[in-house]
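The primary structure of each chain is shown beneath.
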Amino acid sequence: MTKVRTYTGGCLCGDLRFEATGPAAKPHTCSCRMCQRHSGALTTAWVEFPREAVRWTGPGGAPSLYRSSDYSSRAFCPTCGSTLGAVDDAPVVALVLGVFDKPGAKELMPTSHSFRGARPRWWHVEVGGSPPAG
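Conventions we followed
Residues numbered from 1 in each chain as written. Predicted model: local features only at pLDDT ≥ 70, side-chain atom pairs only at ≥ 80, totals over all residues. Heavy atoms only, no water. Disulfide = S-S within 2.5 Å. Helix = DSSP H or I, 4+ residues; strand = E, 2+ residues; numbered from the N terminus.

(A) Structural view of the state of the cysteines. All told, the structure shown has zero disulfides when counted by the stated rule. Counting only cysteine sulfurs, C13 is the nearest neighbor of C11, a cysteine outside any disulfide, at a range of 3.7 Å. C80 carries a free sulfur, and the closest cysteine sulfur to it, the one in C77, is 3.7 Å from it.

(B) Representation of unusual backbone geometry within the structure. Residue P91 is bonded to the preceding A90 through a cis peptide linkage, with omega at 0 degrees. Tracing the sequence through the fold places P91 in the loop between β8 (83–88) and β9 (92–96). Here the phi dihedral of K26 falls at roughly 50 degrees; this positive angle occurs in a residue that is not glycine. As for its placement among the helices and strands, K26 is situated in strand β3 (residues 25–30).

Encoded structure:
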């Protein structure tokens, strides 16, 4: 019998915490302008879970949401402002890897990159391989 994996994480101030169970789906990076503005980074790393697999466990409850498109809302902590991810209508919760307690887990490693053309030419992102030496 296979053990179901549980991932944990939370925001900068710790008011919002989560538990996500099951396999992490679609680990990827994205450089679209919406992700850039939401995170403040040129590229954001994401992983997806079915909505019913994510439980908000911290004292602050669920994150605040900003309706960012016709199919998704961006999730953030109303106290510290940390980006947590997105809650899609699909119903999918996409969490940014930086909020995981153990973001280096092998199964969270991005395997694809979206919106390459939106990143500056000098910005390089490597997915699905070994990190560069040095």
